[in-house]
Amino acid sequence: MRHDLRRIVAVEAHRRRSGRIPSRVHSLGTGETFAIEPAVDGFVDVETGMIIRSRGSAIVLPDGSEPIELTLIGDILFEGIERPGGEPFFGRAGGGSSVTLYDRAQNDYFQYALGTEEDRI
């Protein structure tokens, strides 16, 4: 899955668990920090300029496509599939300040810290 789509999944999983859209996402693997802005019915990934929305369990990109399916499981787990590549994933997001995203085989994982300006991430 592309790095920008992983970041979008992390933000959306966090939003669904916590009910809040973070203003910053920090990739713990690369050390990069990305800005996120709220939008009507979604959020803007400032790095790419994409306006992201949800439709049911789908994450909808600006072109109207629904390339990412995301389903919450229990209190902290989620799973999904990135449709164009057919790449399944799963992760953990409990509504706190971090999200971890794994590939299906658990060979690779990506950790993100999410917060607002006040959180100083």
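Residues numbered from 1 in each chain as written. Predicted model: local features only at pLDDT ≥ 70, side-chain atom pairs only at ≥ 80, totals over all residues. Heavy atoms only, no water.

*Asks:* Outline the overall build of the protein, supporting the account with residue identities and numerical values.
*Replies:* Scanning the protein from N- to C-terminus turns up one helix and ten strands. In the protein, the order of α-helices and β-strands from amino to carboxyl end is α-β-β-β-β-β-β-β-β-β-β. Computed over its C-alpha atoms, the radius of gyration of the protein comes to 13 Å, within 12% of the 14 Å expected for a compact globule of 121 residues. Expressed along its principal axes, the backbone C-alpha trace of the protein runs to roughly 35 × 30 × 25 Å. Looking at the protein as a whole, 40% of its 121 residues qualify as buried. (Helix = DSSP H or I, 4+ residues; strand = E, 2+ residues; numbered from the N terminus. Rg over C-alpha atoms; globule rule 2.2 N^0.38 Å. Buried < 20%, exposed > 50% of the residue type's maximum accessible area, 1.4 Å probe, protein only.)

*Asks:* Break down the packing of aromatic side chains for me, with residues and values.
*Replies:* The tally for this structure, following the rule as stated, stands at three aromatic pairs. Measuring from centroid to centroid gives 6.1 Å for Tyr102 and Tyr109, while their planes differ by 40°, and the two rings are tilted. Among the aromatic side chains, those forming a connected cluster through ring pairs are Phe90, Tyr102 and Tyr109. Over the ring of Phe34 we find Arg7, and its NZ or CZ is 3.9 Å from the ring centre. (Phe/Tyr/Trp six-rings, centres within 6.5 Å; stacked < 30°, edge-to-face > 60°. Lys NZ or Arg CZ within 6 Å of the ring centre and 35° of its normal.)

*Asks:* Explain a nonpolar patch on the surface to me, using residue names and the numbers behind them.
*Replies:* Together, Ile73, Ile76 and Leu77 line one region of the surface with nonpolar side chains, adding up to about 210 Å² of accessible area. As for its position among the elements, Ile73 is in strand β6 (residues 68–73). Judged by relative accessible area, Ile73 falls into the partly exposed class, the value being 34%. (Patch = residues over 30% accessible without salt bridge, like charges linked within 9 Å, V, L, I, M, F, W, Y side chains within 5 Å. Areas by Shrake-Rupley, 256 points an atom, 1.4 Å probe, with all protein chains shown as cover. Salt bridge = Lys/Arg side-chain N within 4 Å of Asp/Glu carboxyl O.)

*Asks:* Could you give an account of the nonpolar core, naming the residues involved and the relevant values?
*Replies:* Counting 23 residues, the largest nonpolar core has Ile8, Val9, Ile52, Ile59, Leu70, Phe78 and Phe89 as its most contacted members. At the level of elements, α1 (3–18), β4 (50–55), β6, β9 (98–103) and β10 (109–115) are the ones that each hand at least two residues to this core. In terms of residues, this core owes the most to one element, α1, which gives six residues. Those residues in contact with Leu70, other than ones at most four positions away along the chain, are Val9, Glu12, Ala13, Arg16, Ser57, Ile59, Phe78, Glu79, Gly80 and Phe89. (Core = buried A, V, L, I, M, F, W, Y, C linked by side-chain atoms within 4.5 Å. Contact = heavy atoms within 4.5 Å.)

*Asks:* Help me get a handle on the pattern of salt bridges, residues and values and all.
*Replies:* Using the criterion set out here, one finds five salt bridges in the structure. The residue Arg15 makes a salt bridge to Glu12 at a minimum N-O spacing of 2.6 Å. Taken together, the residues Arg15 and Glu12, both in helix α1 and three residues apart, mark about one turn of the helix. Taking the relative accessible area as the measure of exposure, Glu12 reaches 2% and is therefore buried. Two residues, Arg83 and Glu69, come together in a salt bridge whose shortest N-O distance is 2.3 Å. Placement of the pair is Arg83 in the loop between β7 (77–82) and β8 (87–92) and Glu69 in strand β6, with a sequence separation of 14 residues. Among the charged side chains, a network of salt bridges with common partners joins Glu12, Arg15 and Arg16.

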